[in-house]
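Structure assessment
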Amino acid sequence: MNIDDLIAIDIHVHAEVSCRCAPDAFGREFDEAAEKYFKFTHRPTIPETIARYREKRIGLVMFTVDAEANLGRRRIPNEEIAEAALENRDMMLAFASIDPHKGKMGVREARRLIDDYQVAGFKFHPTVQGFYPNDKLAYPLYEAIAEAGLPAIFHSGHSGIGTGMPGGGGLRLKYSNPIHLDDVAADFPGMKIIIAHPSWPWQDEALSVCLHKPNVYIDLSGWSPKYFPKELVHYANTQLKHKMLFGSDFPLITPERWMQDFEAAGFRPEVHPLILKDNAARLLGFA
């Protein structure tokens, strides 16, 4: 990334529509429920998303979510996102997503994506992937990530995916309590861990883990900042000001809306550049 040319770095951007693979209609009810919950309808292609961020001079980290074992739904190829990042390396990075249930084949894929496609990190979503982050089934993947010196981002807290569906679509919220990441942070102290989203209803757990473990960060995606818990804003202004990261969760929330609401959400002026760009630049190795 050409950090000096960017006004911010959005560390949480979803790849929604592949240009290589037809959409997988299986599980369409999850899409419909999410669109109702998040009040959005347009799912942009990967190039459309990149063009939007380039116009706004915002860097982005993009990923898909591989939950093929738990949802039975085909993922967007990691390679497609990684190649797009290589073509736009001045303002984009790719994180890969591999279902932990894929075992040794998943580890092989991770190493290939690191070596051949220069992915910059990995994304996990415990609720939709159906695993506790501290389950040893995922540790071989973490070992490959840690050996490469790359970060991993984990969804935390409530999930809009499945909300309102009968039985929540069969998804279990318990997997995304951030306290489970305390074990991962202790067992892999050299791997940077990003707790994604305000972690309601477990915000205190996320703050505690982030405060206690030097390798843990929090991204502020998925909510408008005007709805952030007071405790989160307090710690972002004080003890954790160097460990908070801007993320939008695009297309669920646009970066423009997030940044506008951020201005009036009670964050001290001196932490604005840290959260919007500087902390992510350091975490990603650009500062």
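Below or above, wherever it landed, is the structure these notes cover. Being a predicted model, the structure only gives us computed values, none of them experimental.

1. Digging into helix α4 (residues 78-87)
Helical geometry note: an α-helix holds 3.6 residues per turn, so side chains three or four residues apart project in the same direction. With seven of 10 residues buried, α4 is to be regarded as a mostly interior element. Restricting attention to buried positions, one finds in α4 the residues N78, E79, E80, I81, A82, A84 and A85. Its buried side turned inward, α4 meets α2 (46-56), β2 (58-63), β3 (92-96) and α5 (103-117).

2. Some remarks on the layout of surface pockets
Of the voids in this model, the largest pocket is the one considered here, and its volume is about 1300 Å³. The wall of the largest pocket is formed by 48 residues, among which E16, D31, A34, R43 and I161 lie closest to the centre. In terms of residue count, helix α1 (residues 28-38) provides more of the lining of the largest pocket than any other element does, six residues in total. Residue composition of the lining of the largest pocket, grouped by class: 24 nonpolar, 13 polar and 11 charged.

3. Quick word on helix α12 (residues 272-283)
Taking 1.5 Å of rise per residue, 12 residues should cover 16 Å, and α12 covers 16 Å from first to last C-alpha, within 8% of that figure. For α12, a buried count of nine out of 12 residues is recorded, marking the element as mostly surrounded by other parts of the structure. Among all positions in α12, only H272, L274, I275, L276, K277, N279, A280, A281 and L283 are buried. Structurally, α12 contributes buried residues whose contacts are with β1 (8-14), β6 (193-196), β7 (216-219), α10 (230-237), β8 (244-245) and α11 (255-263). Looking at the residues trailing α12, positive phi occurs at G285, about 90 degrees.

4. Quick look at the nonpolar core
Among the nonpolar cores identified, the biggest contains 87 residues, and F122, Y142, W258 and I275 are the most heavily contacted of them. Look past the residues within four positions of F122 in its chain and what remains in contact with it is F95, A96, I98, A110, I114, I145, L150, P151, A152 and I153. One finds F30, A33, A67 and M165 within the second-largest nonpolar core, a separate group that totals six residues.

5. Regarding unusual backbone geometry
Cis geometry is found at the peptide bond from W200 to P201, where omega equals 5 degrees. Cis peptide bonds are those with omega within 30 degrees of zero, and the linkage from F250 to P251 qualifies with 10 degrees.

6. A few points about the environment of R54
With respect to the helices and strands, the residue R54 is situated in helix α2. According to the relative accessible area criterion, R54 is partly exposed, its value standing at 37%. For the pair R54 and M92, spaced 38 residues apart in sequence, the C-alpha separation works out to 9.1 Å. In contact with R54, other than residues within four places in its own chain, are N88, D90 and M91.

7. Points about the packing of aromatic side chains
Where two aromatic rings form a pair, the distance of their centres and the angle of their planes describe that pair. Applying the stated criterion across every chain, the model contains 15 aromatic pairs. Their ring planes at 70 degrees and their centres at 5.0 Å tell us that Y139 and F188 sit as a pair that is edge-to-face. Of this pair, Y139 sits in helix α7 (residues 139-147) while F188 sits in the loop between α8 (180-187) and β6, and the two are 49 residues apart along the sequence. With respect to burial, Y139 and F188 carry one shared label: buried. Between F228 and F267, the ring centres sit 6.2 Å apart and the planes meet at 90 degrees, which makes this aromatic pair edge-to-face. Linking F228 in the loop between β7 and α10 with F267 in the loop between α11 and α12, this pair joins segments that are 39 residues apart in sequence. The exposure class of F267 is buried, given its relative accessible area of 7%. Stacked on the ring of Y139, the Lys or Arg K136 has its end atom at 4.8 Å from the ring centre. It is K243 that lies over the ring of Y217; its NZ or CZ is 5.7 Å from the centre.

Cut-offs applied
Residues numbered from 1 in each chain as written. Predicted model: local features only at pLDDT ≥ 70, side-chain atom pairs only at ≥ 80, totals over all residues. Heavy atoms only, no water. Buried < 20%, exposed > 50% of the residue type's maximum accessible area, 1.4 Å probe, protein only. Helix = DSSP H or I, 4+ residues; strand = E, 2+ residues; numbered from the N terminus. Contact = heavy atoms within 4.5 Å. 1 Å grid on protein atoms, 1.4 Å probe; cavity = no way out; pocket = protein on both sides within 12 Å on 5 of 7 lines; lining within 4 Å. Points joined across faces, edges and corners; volume = space filled by probe spheres on them. Nonpolar A, V, L, I, M, F, W, Y, C, P; charged D, E, K, R; others polar. Expected span 1.5 Å × (residues − 1). Core = buried A, V, L, I, M, F, W, Y, C linked by side-chain atoms within 4.5 Å. Phe/Tyr/Trp six-rings, centres within 6.5 Å; stacked < 30°, edge-to-face > 60°. Lys NZ or Arg CZ within 6 Å of the ring centre and 35° of its normal.

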